[in-house]
Protein chains: 2
Amino acid sequence: MVTRSTIMDTNSFRAEHAAALDSDTKILTDKRGEVLGESYRLFYRNPVHLVKGEGQYLWDANGTKYLDVYNNVASIGHCHPRVIDAVTAQMQLLNTHTRYLHENILNYSENILKTMPSEVNRAMYMCTGSEANDLAIRVAREYTGGMGIIVSQESYHGTSELTSGCSPALGTGQALATTTRCVPAPDQYRVEHADMGDWFAAQIQTQIDDMKAKGIKFAGFLADSIFSSDGVMSHPIGFLKKAVDVVHKNGGVFIADEVQPGFARTGDAFWGFERHGVVPDIVTTGKPMGNGIPVSGLFAKHDVLSAFSDQIPYFNTFGGNPVSMAAAQAVLDVIHDENLQQHSYEVGALLKKELTELMKKHECIGDVRGAGLFIGFELADRASKTPNKRLALNVIEELRNQHHILTSVAGPHGNVLKLRPPLAFQMSDIDWLVGALDKTLSNPKMFD
Amino acid sequence: MVTRSTIMDTNSFRAEHAAALDSDTKILTDKRGEVLGESYRLFYRNPVHLVKGEGQYLWDANGTKYLDVYNNVASIGHCHPRVIDAVTAQMQLLNTHTRYLHENILNYSENILKTMPSEVNRAMYMCTGSEANDLAIRVAREYTGGMGIIVSQESYHGTSELTSGCSPALGTGQALATTTRCVPAPDQYRVEHADMGDWFAAQIQTQIDDMKAKGIKFAGFLADSIFSSDGVMSHPIGFLKKAVDVVHKNGGVFIADEVQPGFARTGDAFWGFERHGVVPDIVTTGKPMGNGIPVSGLFAKHDVLSAFSDQIPYFNTFGGNPVSMAAAQAVLDVIHDENLQQHSYEVGALLKKELTELMKKHECIGDVRGAGLFIGFELADRASKTPNKRLALNVIEELRNQHHILTSVAGPHGNVLKLRPPLAFQMSDIDWLVGALDKTLSNPKMFD
C-alpha cells in the first residue's frame, strides 16, 4: 500500500499539468476520469502506459524499457511462461467450483502445507488478500470469543469493510473499527531500546490492556512480519517471537499476513514468520501466490479454523478453482526449480550492500534495511533522522522519468523507498538501480 | 447459494456411507477432509469428480458425460475458446495493476456502461461478487449517511463479514447484522395479493419504518432482481418498480445485485433490473462476468460513488487488471456475437413450456416459473402448496446418478429445483432434461 498522501499529491499535480502529458497518456488519463470511479489513482505525475512485461522488465507504449523495482504480484517475473502454460492448459480442460471433486486443489494444498509448520494443517482459498484477511479476522473472533484486533500503526490489510477498519494506512478518511488497536511499528532505526523483542511485546501488552479496560476482549494480532507499509521493518530477526508469546498468553491468535513477505521474497525463509521462529495460528496469502491470477489462501491450525467452520458456512465461488490452483502450483514449482529463495537471498544481500555503500556518499540516506529482495531505503537527515518526504517523492519521479525505474514509497512519512522487484531481478540489474539512485541523489534539483 | 441444510444432509450421509463410494471418489473425498477447512462441502451423496467441460456439458473421471443445468459462472459455456484465447494472449503480453495506464479497463468500461442506463456512468472492478457487494454497501452508507440495509428473507450476497451479515441464506450460524432487515420474498406462488408491486413495496416500507423506530437510518435495499436464493421470483415483470420508488422516497439507494440475473441470462433483458424498468443507484456483478476468471464490478451513478471515493481510499490489486478485463470483454463479445440473450429467451421459453406441461402428469409439481434460462421448478403439494423438500433432494440425486444431469435446489424450504444451465444450453438438450424429470417424478421411490 502506498500512503494515500503520496498518491493524492501526484493526482492533483496531474490535474493541473494535464496539458504537459503526451497525447496518448492524456487520452487514457482523460478516459479514466470519464468512466472509472474516482478511487482510481495513478502512479507518477506523468503516468506510465504499460503494454508489455517480461521477467523484471516492463515496456511502455513508446517502446521504452523499465526496470520494475516494485511489483510483488508478478513475483516470479512478469508473464512467466510456466504460469501461462499451466493456466492455459487448465482453462482448456475445466474451470469449475469446489462443490465437485478436483485434484488441483488437493495437490496444491498438500504441497503448500508442507512449507508450513505441521500445526498449520488446513487450507482454504479465496481470490484476494483482502478476502483472506477478512476471513482470518472472523475465524480469530469465533475461536477466541473476542473482538479486539491489534495491527501496526501504518499497516494495510485489505479493502473490505472489516479489513479496512483494521488498516490505519488508509488514512483518516477511513475510520478504524472501535475494536482495532494500533501498536507503533518495530522501527529499529528510531526506537531506542536494548531489545526490540521486549519493546515490541510490551507495546502489544499495552494495547491488550487498553482493550480490556474498555471491555473489549482480545481476539488477535494481525501483522505482516516485514511491516511493509510501516516502512519495511525486517530486523532484528526473531524480534516478533516475544510479541507472539504475549498474544498467546492473553488468549489471542497470531495471524501472519504473508501477502508481503511470503513466497520466498525475504531470501531468509519461504515465509516471513519463519524468520521470527514463530508458529502462527492463521496464515494469509495473496498477491504473489498466482503471479497475477487472482488467488489467495488462508491456512490455519485445525482447531482454530474448526471453531469458525462448525458454526458459519463459507463458500467462495472462484476460490480454489482448478485454474487458480494451476497458477498457484506453477508459482510454487518455479520458486523451487529456479531456486528463487536462494536467489533472492544472494541478489538481495548484494543489492543491500551496494545501497548501504551509497550512504558514504549521500548524507540524505538515513537507513538501508531489508531482507532478500525487500529493501527499505529511507531518506532522512542523518543526524536528526527527520524524514525527507519531499526528496523521496522527487526521487521516485526522477527514477521513473530519467532512469526508467519503477518504484514507490512507504512508511508513515512517505520517505522510505520500498525496493521490492520481482524475484526475477538479477545481479546484472543492480548497477542500473544503484547507479540511478547515485546519480539522482547527486542531483541538487532533487533537494529543491 | 444452496441452502445450508441441503448440503449438510448430503455431507452427513456421505460420512456414513463412505465405503459405498468408488475408490477414486473416496481417495479425493478423504484427502479433502485431511487438508481443507471443514467449510468445504460437496454436492451429492456420491460426489462428482469432474475432469472436463465444454459448452453445456461436463465429463467425470470415468468418462461419463453430464448435462450441466446449474453453473452460471461458465455462463457462455464451459471452456469457451474465445475467453481462453483472450486470456492467454493478454497473459503473454502483460498483467499488472491499475496504478498504470492500460486500455483494456477503459475499453471494457465504455462497453459495459453502454449496456446500462445513462445515469449509471462510473465503473470499479474487484475479483468477486462478495467484494462488489461489500463495497456497494459501504458506498450506500457513505452516500446516505445511513446504516440500515434491507435484503430479502432468503437472500445471499457474499462471504465477507459485511455481506455475510446481509445474507440470511447462510442460516442461523451466521448472525445478521443489527442493521440488516429482511423482507419476505415476492413469491407470486404463495402471496395472495392483487398487485405484487404494491405488496412488495409495502414490505419495504414496513422494514424502513421498523429501522426508524429503532434509531437506524435507512441506507439502501440490496436485491438480486430474480431472487435466486429465495427460490426464483421472476414475475410479474415490473413488480420491483414500486419498491424502488419507496426506497428512493425514503432517502435510500437501490443496489441491483446482478450476479444472478445479469449478462443476458433472463432473455428478457441484458440486466435483471431492466425487466423491472428501474434505474439502480449501484449495480454489482460477479460470477458470469469473466466465465470463470475471477472478476467482478461495481457500476454506479457518479454522485453516489463520489460520496465514497472523496472520503475513503479503495484499491483492489487484481481488480481491473488487463487479463481480467480481457476475459470480461470476451464474454461481452460472445454474448453479442452468439446472440445469447435472444437464445436464452427462446430456449428458456420452450424449456419452461415443456416443464409446465409436466404439471399435467405430475401432481407433485407445484409451480414452474422463471425467465430465460433461469427457471424455478417447485415441488409442492398442488392443493396445499406444502413444500416437498425430501422429494426435491431425491430428485437431484436421481438426476445426478441415473440421468447424469447436474442441478440443485433453492428456496427457504429447499424444494425448488434451480434450473440455471450455461447459456450454451440448446433446444436439443431440452429432451434430456425434461425426459429425465418426467421419468424421475414417475418413479415411486422418489416419494419414499
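Residues numbered from 1 in each chain as written. Chains lettered and ligands numbered in written order. Predicted model: local features only at pLDDT ≥ 70, side-chain atom pairs only at ≥ 80, totals over all residues. Heavy atoms only, no water.

The name given to chain A in an unreviewed UniProt entry is 4-aminobutyrate transaminase, with the source organism recorded as Acinetobacter nectaris CIP 110549. Per UniProt, the comment on chain A under Cofactor (unreviewed entry) is "pyridoxal 5'-phosphate". Heading Sequence similarities (unreviewed entry) of the UniProt record for chain A holds this comment: "Belongs to the class-III pyridoxal-phosphate-dependent aminotransferase family." (UniProt positions renumbered as here; feature names shortened; annotations may be inferred.)

Next up on the list: the state of the cysteines. According to the stated counting rule, one finds zero disulfides over all chains in the structure shown. We note that B:Cys127 lacks a disulfide partner, and the nearest cysteine sulfur, in A:Cys127, lies 6.3 Å from it. (Disulfide = S-S within 2.5 Å.)

Turning our attention to helix 13 (residues 427-442) of chain A. With 16 residues, helix 13 of chain A extends 23 Å from end C-alpha to end C-alpha; this agrees with the ideal 22 Å at 1.5 Å per step. Every buried residue of helix 13 of chain A is listed here: A:Asp429, A:Ile430, A:Leu433, A:Val434, A:Ala436, A:Leu437, A:Asp438, A:Thr440 and A:Leu441. (Helix = DSSP H or I, 4+ residues; strand = E, 2+ residues; numbered from the N terminus. Expected span 1.5 Å × (residues − 1). Buried < 20%, exposed > 50% of the residue type's maximum accessible area, 1.4 Å probe, protein only.)

Residues and elements named next belong to chain B. Across the five residues of strand 8 (residues 253-257), five count as buried, placing the element largely inside the fold. Burial along strand 8 is two-sided: the residues Val253, Ile255 and Asp257 and Phe254 and Ala256 are all buried. In this sheet, strand 8 lies alongside strand 7 (residues 218-223) in parallel orientation, the contact comprising four bridges. The residue bridging Phe221 from the neighbouring strand is Phe254, located in strand 8. For the crossover that starts at strand 7, traverses helix 8 (residues 240-249) and ends in the parallel strand 8, the hand is right-handed. As paired strands, strand 8 and strand 9 (residues 282-285) are joined by three bridges and run parallel to one another. From the neighbouring strand, Ile255 faces strand 9, where its bridge partner is Ile282. (Pairing = 2+ DSSP bridges. Right-handed = clockwise from strand over helix to strand, strands pointing away.)

Let us now look at the relation of the copies chain B and chain A. Between chain B and chain A, the superposition needs a rotation of 180° and an axial shift of 0.0 Å, giving an RMSD of 0.0 Å. Seen this way, the second copy is the image of the first under a two-fold rotation axis. A share of 99% of the interface residues of chain B reappears at the interface of chain A, consistent with the copies meeting face to face through the same patch. (Least-squares fit on C-alpha atoms with pLDDT ≥ 70 in both. Contact = heavy atoms within 4.5 Å.)

This part takes up the sheet that holds strand 3 (residues 65-68) of chain A. All names here are of chain A. With mixed pairing, the four strands of this open sheet are ordered in space as 1-2-3-13. Where the open sheet ends on each side, the last strands, each with one partner, are strand 1 (50-54) and strand 13 (405-406). As judged from the four bridges shared by strand 1 and strand 2 (residues 57-60), these two strands associate in the antiparallel manner. Looking across to strand 2, one finds that Leu50 is bridged to Asp60.

Attention now goes to the interface of chain B and chain A. The interface is formed by 96 residues belonging to chain B together with 95 residues belonging to chain A. Summed over both sides, the interface between chain B and chain A buries roughly 8700 Å², with carbon and sulfur atoms accounting for 58% of that surface. The largest share of the area that chain B buries against chain A comes from B:Arg99, B:Tyr100 and B:Leu101, three residues that together contribute 10% of it. Applying the counting criterion to the chain B and chain A interface returns four salt bridges. For the salt bridge of B:Arg138 with A:Glu161, the shortest nitrogen-to-oxygen distance reads 3.4 Å. Applying the counting criterion to the chain B and chain A interface returns 51 residue pairs in polar contact (both at pLDDT 80 or more). Looking at which element gives the most residues to the side of chain B that touches chain A, the answer is helix 2 (residues 23-35) of chain B, with eight residues. For the side of chain B that touches chain A, the per-class residue count stands at 44 nonpolar, 35 polar and 17 charged. (Buried area = accessible area lost by both parts, 1.4 Å probe. Salt bridge = Lys/Arg side-chain N within 4 Å of Asp/Glu carboxyl O. Polar contact = N/O pair within 3.5 Å; in protein donor to acceptor, adjacent residues only side chain to side chain. Nonpolar A, V, L, I, M, F, W, Y, C, P; charged D, E, K, R; others polar.)

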